[in-house]
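# Inside the fold
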Amino acid sequence: MDEAILITMLLLCCIVLLDDDTDIEWSVVALCTTAANAHPMLATVISALGNYVLTCKQKVTYGTGEAKELYSQYAANPTLFKSLTNFTPSQFEQLMNVLLDSNRPASYLLKPRDVQGSRPLNRQRTTNGGRPHKLDPRTRVFLCLVRLKDDDRLVRLCAMSGLNIASICEDFWHVVECLLVATEDAIQWPDPAARRALSSNSMRGVGRDMAAVGIIDGTAQYIRRPGADEPLLYNGRKKRHFLNHLVVCDWRGRILAVRTGFTGKTHDGVAYRACDLYTQRRRFFAAGQTLLADNGFESCGLITPMKKQRGQAMSSNNRAYNRLVRRYRVVIEFLFGAMKIKFGMISGVWRHSLPRANMIFMLCCQLMNYYMRVNRKYIRGDRFSLNEMAMEAWEEAV
């Protein structure tokens, strides 16, 4: 059988399965008739897929009782629920209690519009205006967390449950605004006493007068090729278009600060000098306090690894110092890896508007801190200590 015919048949089959406006029965019959002339087995496969889609579409319709109880169906299986949302049902309920707190403005988005009695957050609506939401608040937040973790899973979940994917994706941004407000206290810059505790033993005694409060680094969020401002978003070293975000975390991996929205062309050091962490140092650091960073933040007043001088060998003391810096700094690389595993929406290529990319990255950072706090499980556990001897023992144990 010709390979081009096979590929064409499979593509047409995919279009039929994904297009809600297509007459499924007619399309399946037409495909089976065409495929039977080419290969009988292909006709059997397409027929089976068509019957499966028809069964799924007839099972549930959008807005019915079964669709409204989607959250309850998955909450009955904690393992499956956590694989879809990163949270257990009990942790999800804790998050919902914060979201539905009447003292928070975010609650207006999740309450049914016919009983809210006020304007939703960032939306222009008359009092008691608009139709009520078809899905209950828990299902809406559940679908939002599923999309943050994996877009493809949301599409499959909506197809199996008979939900309109376009309506779910539109409502997704409303729930994101809600979560941003509800979890805004998950990321907080440490107070002076906490900063002194973080910097009490860090990096002292290795030839530097400064003590590090935390670790800073930048991470890329790749985007598709933009129509405007392309030179600003393109990075020649990585050969990609992306947005650059700066994140500060402590020694255990807890996020302390996030600065988003830098273009891909902006170097990490330039981005740091443009943000308030540098321009308003007295607000964030006391005398003798700074951050730990890689060589991309040279000449920014931060603790960075030593560089080898041209034509000279690096001394043993400098090599030992660089090893110590790497041991402390690697936690932020682990943090980025964990975030992009738990929230697939920031690990792939971003295909929405750029301001929303900053909003989603900030929400993922807040949810990551919330996740670590409720689980009491950080990137580095309680075995990690700030003194060098304990660090050596910790690494040998690992």
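Residues numbered from 1 in each chain as written. Predicted model: local features only at pLDDT ≥ 70, side-chain atom pairs only at ≥ 80, totals over all residues. Heavy atoms only, no water.

## Details of empty space enclosed by the protein
Counted by the stated rule, this structure contains 1 cavity of 30 Å³ or more. As a volume, the largest cavity reaches approximately 50 Å³. As for the largest cavity, its lining consists of Arg 140, Leu 143, Cys 144, Leu 154, Ile 168, Asp 171, Phe 172 and Val 175. Only α10 (137–149) and α12 (165–182) provide two or more residues apiece to the lining of the largest cavity. A total of 4 residues in the lining of the largest cavity trace back to one element, the largest contributor, which is α12. (1 Å grid on protein atoms, 1.4 Å probe; cavity = no way out; pocket = protein on both sides within 12 Å on 5 of 7 lines; lining within 4 Å. Points joined across faces, edges and corners; volume = space filled by probe spheres on them. Helix = DSSP H or I, 4+ residues; strand = E, 2+ residues; numbered from the N terminus.)

## As for helix α6 (residues 78–85)
What α6 keeps buried is the set Phe 81, Leu 84 and Thr 85. End-on view of α6: buried residues confined to an arc of 75 degrees, all on one side of the axis. Residues of α6 that are buried make contact with α5 (70–75), α7 (89–99), α10 and α11 (151–161). At the exit of α6 stands Asn 86, carrying a positive phi of roughly 75 degrees. (Buried < 20%, exposed > 50% of the residue type's maximum accessible area, 1.4 Å probe, protein only. Arc of directions from axis to C-beta. Contact = heavy atoms within 4.5 Å.)

## Observations concerning the confidence of the model for the protein chain
Low-confidence regions, as indicated by low pLDDT, have predicted coordinates that should not be scrutinised in detail. Per-residue confidence for the protein chain averages 76 on the pLDDT scale, and 68% of its residues sit at or above 70. This model gives residues 393–398 a pLDDT under 50, and the stretch forms 6 contacts once residues within four places in sequence are excluded. (pLDDT = per-residue confidence, 0-100.)

## Here's the deal with helix α18 (residues 316–342)
Its 27 residues place the ends of α18 40 Å apart at the C-alpha level, agreeing with the 39 Å of an ideal helix rising 1.5 Å per residue. The largest bend in α18 comes to about 35 degrees, at Arg 329. (Expected span 1.5 Å × (residues − 1). Bend = angle between axes of the 7 residues up to and from the residue.)

## Looking at the environment of Phe 336
Looking at the secondary structure, you find Phe 336 in helix α18. Note on Phe 336: relative accessible area 7%, which makes it buried. Expressed as a C-alpha distance, the spacing of Phe 336 and Asp 217, which sit 119 residues apart in the sequence, is 9.6 Å.

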